[in-house]
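# Observations on the three-dimensional arrangement
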Amino acid sequence: MPTDASELTYDDASAPFFEGAARGELMLQFCESCDGYMWPVKYRCPHCFAPAVVWRAASGGATLYSLTVVHQAHPRFPSPYVLATVETQEGVRFNASLVGENAASTPIGSEMVAVFDRTEKPFTVPRFRRAS
């Protein structure tokens, strides 16, 4: 049975990520013990296993690592849409949608920047577009 998008929510562990996105900030977890950034959300650092994990605003800059064009229709995304893996300047890789003119033909290795649509419902998520 399809999920009603208005009922979607996030949990307490990921709240700083989504609340940051609503402010237009890319938030990442950071280990105060070994100075490593991490993704996905964790309670302990995967590098040194310390519990000294906090949230920090990231630069918003990234490099395109890979992309694919998705043609299968989905009620929440206009088809086709571009799904990418980006590596942030902080060294964290994660998946996000690419937006902007000719997003599907963005060369691997391109410099990217996080963008936010604060009117997005039920909550804002970061997307990336090619930097200038």
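Provided above is the structure to which this section pertains.
Residues numbered from 1 in each chain as written. Predicted model: local features only at pLDDT ≥ 70, side-chain atom pairs only at ≥ 80, totals over all residues. Heavy atoms only, no water.

## Focus: the overall build of the chain
Our working definition: In this description a helix means any DSSP run of H or I spanning at least four residues, a strand means any run of E spanning at least two, and both kinds are numbered starting from the N terminus. The globule rule is 2.2 Å times the number of residues to the power 0.38, and the radius of gyration it is compared with is taken over C-alpha atoms. Residue exposure (1.4 Å probe, protein chains only): buried if accessible area is under 20% of the type maximum, exposed if over 50%, otherwise partly exposed. Whether two residues are in contact is decided by their heavy atoms: any pair within 4.5 Å suffices. To be clear on the numbers: accessible area is Shrake-Rupley with a 1.4 Å probe, and residue cover counts the displayed protein chains and nothing else.
When you go through the chain residue by residue, the secondary structure sums to 1 helix and 8 strands. Taken from N to C terminus, the helices and strands of the chain fall in the order α-β-β-β-β-β-β-β-β. The C-alpha radius of gyration of the chain comes to 15 Å, within 12% of the 14 Å expected for a compact globule of 132 residues. Counting only C-alpha atoms, the chain reaches 45 × 35 × 25 Å along its principal axes. In the chain, which comprises 132 residues, the share counted as buried stands at 35%. Restricting the contact set of the chain to residue pairs at least 6 apart, pairs at least 24 apart contribute 47%. A total of about 8000 Å² of accessible surface is found on the chain, and carbon and sulfur atoms cover 51% of it.

## Description of the nonpolar core
Inclusion rule: Side-chain atoms within 4.5 Å link the members of a nonpolar core, which is a set of buried Ala, Val, Leu, Ile, Met, Phe, Trp, Tyr and Cys residues.
In this structure, Leu26, Leu64, Phe94, Leu98, Met112 and Phe128 are the most contacted members of the largest nonpolar core, which totals 18 residues. Mapped by element, the contributors of at least two residues to this core are helix H1 (15-23), strand S4 (61-70), strand S5 (81-88), strand S6 (93-98) and strand S7 (111-115).

## A short note on the pattern of salt bridges
Oppositely charged side chains are able to pair whenever their charged atoms sit close together. For clarity, the threshold we go by: Any Lys or Arg side-chain nitrogen found within 4 Å of a carboxyl oxygen on Asp or Glu counts as a salt bridge.
This structure, assessed with the given rule, holds 3 salt bridges. The shortest N-O distance in the salt bridge between Arg23 and Glu25 comes to 2.9 Å. Overall, Glu25 belongs to the partly exposed group, its relative accessible area being 30%. Of the charged contacts in the structure, one is a salt bridge between Glu87 and Arg93, with a shortest N-O distance of 2.9 Å. The class of Arg93 is partly exposed, set by a relative accessible area of 42%.

## Some thoughts on the sheet that holds strand S1 (residues 27-31)
Strand-to-strand pairing in sheets goes through backbone hydrogen bonds, with the strands running parallel or antiparallel. The condition is simple: DSSP bridges decide pairing: two strands pair if at least two such bridges lie between them. Interaxial angles span 0 to 180 degrees and are taken between N-to-C directions of axes, which are lines fitted to C-alpha atoms, for helices over the stretch in contact.
The strand order S2-S1-S3 describes an open sheet built from 3 strands, whose pairing is antiparallel. Every interior strand has two partners, whereas the edge strands, strand S2 (37-38) and strand S3 (53-57), have only one. In terms of strand pairing, S1 meets S2 through 2 bridges, oriented antiparallel. Paired with Phe30 across the bridge in S2 is Tyr37. Here H1 sits on the sheet and contacts S1 and S3; the angle it forms with S1, its principal contact strand, is near 135°.

## Structural notes on H1
Of the positions making up H1, those classed as buried are Ala15, Phe17, Phe18, Gly20 and Ala21. Along its buried surface, H1 packs onto S1 and S3. Trailing H1 by a residue or two, Gly24 shows a phi angle of about 85°, which is positive.

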